[in-house]
Amino acid sequence: MSARVAGMMTETPSAETRNGLIDGDRTVPPSSNLRTVLAADLYAMVPELKEDIQLQPREGETVSFLLARLRSSTTPEEAVTMAAYAFQPRIAVWWAHECVTTMREHLTPVDHQLLELIGAWAHDPSDANRREIYDIALQAPSKTPGVWLGLATGASGGGRRDEPIDLSTPRAINAGVLSCLARGGLQQRSINLARFITLAQTLVGD
């Protein structure tokens, strides 16, 4: 791991509190950050990916290889979208939190409040913490990056019956990270994007 990536990361949520994922006859171990290892399996699991990412997986291609291929494509922003879908929900929220936190100077006071709460929730994912974050995000006057991540956190627990929007956690994460990226200006865009993708690749592993 590079020193720059290591410097932007807080402690990863502990493996003991992650949930394993059963996929047919295969089980992704509880310690895995990913929903599934093979990219084609992920596309089958979440059909929205075909709408949100133009590049399609190759036969036998892993999420790690597809993420690298997206990074070197003409639309590297799709690597952010892939990460939002590929990680298990709480890890995806935590990854997005780490990305957005590196651009604090472009965020609102509400964003700062939500980021602090989201960081705590990633390590203590109680329903009470999730609802507090969700309520603040729902009442926010505009959908800024931290608010998007707050909505993603709320949706990660199944949402609430009175939820006024129909939004999945991956799409909210994608919106939050990409909207934050846009705030940094064109000169810093490629640098920030590379940083975000590198962190995602670190979490994905080989």
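Residues numbered from 1 in each chain as written. Predicted model: local features only at pLDDT ≥ 70, side-chain atom pairs only at ≥ 80, totals over all residues. Heavy atoms only, no water.

This brings us to the nonpolar core. Counting 56 residues, the largest nonpolar core has L42, L49, M82, F87, W95, I173 and V177 as its most contacted members. Tallying contributions element by element places helix α6 (residues 89-101) first for this core, with 8 residues. Apart from residues lying up to four places away in sequence, M82 is in contact with L42, Y43, I53, V63, L66, L67 and L70. (Core = buried A, V, L, I, M, F, W, Y, C linked by side-chain atoms within 4.5 Å. Buried < 20%, exposed > 50% of the residue type's maximum accessible area, 1.4 Å probe, protein only. Helix = DSSP H or I, 4+ residues; strand = E, 2+ residues; numbered from the N terminus. Contact = heavy atoms within 4.5 Å.)

The subject of this paragraph is the pattern of salt bridges. The full count for this structure, using the stated rule, is 6 salt bridges. Of the charged contacts, one joins R171 and E51 as a salt bridge, the two residues approaching to 3.0 Å between their closest N and O atoms. You can see R171 sitting in helix α10 (residues 169-183) and its partner E51 sitting in helix α3 (residues 49-52), a full 120 residues away along the chain. Of the residues examined, R171 reaches a relative accessible area of 30% and is grouped as partly exposed. With its nearest N and O atoms 2.9 Å apart, the salt bridge here joins R171 to D52. (Salt bridge = Lys/Arg side-chain N within 4 Å of Asp/Glu carboxyl O.)

Here we take up the packing of helix α4 (residues 63-71) against helix α5 (residues 77-86). Close contact between α4 and α5 brings their axes to 8 Å; oriented N to C, the two are set at 155°. Considering the angle they form, α4 stands roughly antiparallel to α5. Residues V63, L66, L67, L70 and R71 of α4 touch α5, and the partners they reach there are E78, A79, M82, A83 and A86. For the contact of α4 with α5, a count of residues per class yields 8 nonpolar, no polar and 2 charged. (Axes fitted to C-alpha atoms, helices over the stretch in contact; angles between N-to-C directions. Parallel < 35°, antiparallel > 145°, perpendicular 65-115°, else oblique. Nonpolar A, V, L, I, M, F, W, Y, C, P; charged D, E, K, R; others polar.)

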